[in-house]
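Listed below, chain by chain, are the residues.
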Amino acid sequence: MTHIPFYVGSYTQIEGHVPRGRGKGIYAYLLNNETGELVRASITTGMTNPTYILFDEKAGLVYAVEEKVGTQGHLRLYSVNFDGSLMEISRQPTLGFASCHISRCGSDHVVVANYASGNAASFATGGGKLEPGVCVSYTGSGPVTERQEGSHAHHSVTSPDGKWIFVCDLGSDKIWCHAATMPLSQPRHSTSTPPGSGPRHLVFHPVHPMVYVICELAGFLLVCNYDAEHGNLSITSAISCLPPNYEGTPSSACIRMHPSGEAVYLSNRGHDSIAIFAINTTDGSLKNKTGNPEWFPCGGAEPRDFAIDPTGRWLVVGNQNGNTLAVFNIISPCHVDYGRVRKYSCDTPACIAFSQG
């Protein structure tokens, strides 16, 4: 039997988009890789809205950002204790408001996306501490006036070849491309997404030069070719993340690649579902050009985030407004046994983080 550790970030207070923020902080869990059972190991308190986490198990470190809407939060660095609890060893201001994502760039930097202030900041992480950040701001707007009045950086990721950093800007319908040299510098160029689409997160295929973008406002999955030499993304198709008969407002949230590269998973709030799109392993294209994913209930309400464990056997969904973690068995990369779901109480989960180390 193997227990796989992971962490869950949470909303600790009510926000405009969080009607019941009652989380306690950062939760440490163990996943039984044979049965899918979860055991809560510890809770680390003392942080406001630790809504995104980066876990490096090999280094014994956890990075977390505070999502403070009206004021600047902090990026915090923790060491991991034997019981999974965390001890803070360093912190720096995030240099923006409503910090909502953190990602690694190389072995000694992380990048934070600040949603409300429309910027991103890089932080050196060497020597067991965080150095002061360097910030880059974005400009732009979109046609959805209540959500796109200005730039809203939501996500950053470094390309697998280590050449480029891409930042999804929900507010301006752009994906900004930076050279992956630190500290973060001004973007080289950007890719425009369809007006009003609201690009939120993206993932790379593990083998092929393909990128998949989830667009929150339009409920689209964008499939893109990736030009590694210049950092260009070329959109080849835009496919609905929602069933044709869905009449609610789109609010797509999370996207993850199955470790096999055979499927991409995404979540839909409102519809409260997970969708799985099958991928051709020969070239990274979708198997069905019209999408036709497998949809299934997320096991709660408002699936803000989810993660696939490193073995590819288990799917853990964080249902923000349902106050649950839902665990599904992945039978094969394109098929989940959603008829048998394990549910665990967890207050206002916002992020599921298995180790990236």
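Refer to the structure printed above.
Residues numbered from 1 in each chain as written. Predicted model: local features only at pLDDT ≥ 70, side-chain atom pairs only at ≥ 80, totals over all residues. Heavy atoms only, no water.

*Asks:* Explain empty space enclosed by the protein to me, using residue names and the numbers behind them.
*Replies:* Within the structure shown, the criterion is met by one cavity of 30 Å³ or more. There is about 80 Å³ of room inside the largest cavity. Contributing to the lining of the largest cavity are Thr51, Tyr52, Glu67, Cys100, His154, Arg200, His201, Cys254, Arg304, Asp305 and Ala350. Put simply, the parts of the chain that give the lining of the largest cavity at least two residues each are strand S4 (50-56), strand S16 (199-204) and strand S24 (303-308). Looking at the lining of the largest cavity residue by residue, the class counts come to four nonpolar, three polar and four charged. (1 Å grid on protein atoms, 1.4 Å probe; cavity = no way out; pocket = protein on both sides within 12 Å on 5 of 7 lines; lining within 4 Å. Points joined across faces, edges and corners; volume = space filled by probe spheres on them. Helix = DSSP H or I, 4+ residues; strand = E, 2+ residues; numbered from the N terminus. Nonpolar A, V, L, I, M, F, W, Y, C, P; charged D, E, K, R; others polar.)

*Asks:* How would you summarise the sheet that holds strand S11 (residues 134-137) if you had to cite specific residues and measurements?
*Replies:* Spatially, the four strands line up as an open sheet ordered S8-S9-S10-S11, and their pairing is antiparallel. In the strand order of this sheet, the two ends are held by strand S8 (99-105) and S11, each with one partner. Sheet twist, expressed as the mean angle between neighbouring strand axes with direction ignored, is 20 degrees. Pairing geometry for strand S10 (residues 119-124) and S11, over four bridges, is antiparallel. Among the inter-strand pairings, Ser122 is bridged to a residue of S11, identified as Val134. (Pairing = 2+ DSSP bridges. Axes fitted to C-alpha atoms, helices over the stretch in contact; angles between N-to-C directions.)

*Asks:* Any details on the side chain of Ser267? Residues and values, ideally.
*Replies:* For Ser267, the position within the fold is in strand S21 (residues 263-268). Exposure remark for Ser267: the relative accessible area of 0% places this residue in the buried category. Side-chain polar atoms of Ser267 contact the backbone oxygen of Pro303, separated by 2.9 Å. Ignoring any residue separated from it by four or fewer positions in sequence, one finds Ser267 in contact with Ile214, Ser252, Ala253, Cys254, Ser273, Ile274, Pro303, Arg304 and Phe306. (Buried < 20%, exposed > 50% of the residue type's maximum accessible area, 1.4 Å probe, protein only. Polar contact = N/O pair within 3.5 Å; in protein donor to acceptor, adjacent residues only side chain to side chain. Contact = heavy atoms within 4.5 Å.)

*Asks:* Kindly report on the sheet that holds strand S2 (residues 26-32), identifying the contributing residues and their values.
*Replies:* As summarised here, the arrangement of the four strands in space is S3-S2-S1-S28, forming an open sheet in which the pairing is antiparallel. Lying at the two open borders of the sheet, with one neighbouring strand each, are strand S3 (38-44) and strand S28 (349-354). Across the sheet, the mean angle from the axis of one strand to that of its neighbour is 25 degrees, orientation sign disregarded. Pairing of strand S1 (residues 3-10) with S28 involves five bridges; the strand directions are antiparallel. Across the sheet, Ser10 pairs through a bridge with Pro349, a residue of S28.

*Asks:* Give me the state of the cysteines: which residues, what numbers.
*Replies:* With the rule as written, the count across this model stands at zero disulfides. A disulfide-free cysteine, Cys334 has its sulfur positioned 16 Å from the sulfur of Cys241, the nearest such atom. Residue Cys334 is classed as buried on the basis of its relative accessible area, which comes to 17%. Here Cys346 is not cross-linked by a disulfide; its sulfur's nearest cysteine counterpart is in Cys351, at 11 Å. (Disulfide = S-S within 2.5 Å.)

*Asks:* Can you lay out unusual backbone geometry for me, pointing to particular residues and giving the numbers?
*Replies:* Cis peptide bonds are those with omega within 30 degrees of zero, and the linkage from Met182 to Pro183 qualifies with 0 degrees. With respect to the helices and strands, Pro183 occurs in the loop between strand S14 (174-179) and strand S15 (189-192). A positive phi angle, close to 55 degrees, is found at Asp272, a residue other than glycine. Mapped onto the elements, Asp272 comes out in the loop between S21 and strand S22 (273-278). In this structure, Thr348 takes a positive phi of about 50 degrees despite not being glycine.

*Asks:* If you had to explain the nonpolar core to someone new, which residues and values would you point to?
*Replies:* By size, the foremost hydrophobic cluster in this structure holds 25 residues, and its most contacted members are Tyr7, Ile26, Ile53, Tyr63, Leu75 and Ile102. Broken down by element, this core gets its largest block of residues, five residues, from strand S5 (residues 61-66). Sequence-distant contacts of Leu75, defined by excluding residues within four places in its chain, comprise Tyr63, Ala64, Val65, Ser90, Arg91, Gln92, Thr94, Ile102, Val110, Val112, Phe123 and Leu130. Grouped together as the second largest cluster of nonpolar side chains are 17 residues, Tyr138, Val167, Trp176 and Ala180 included. (Core = buried A, V, L, I, M, F, W, Y, C linked by side-chain atoms within 4.5 Å.)

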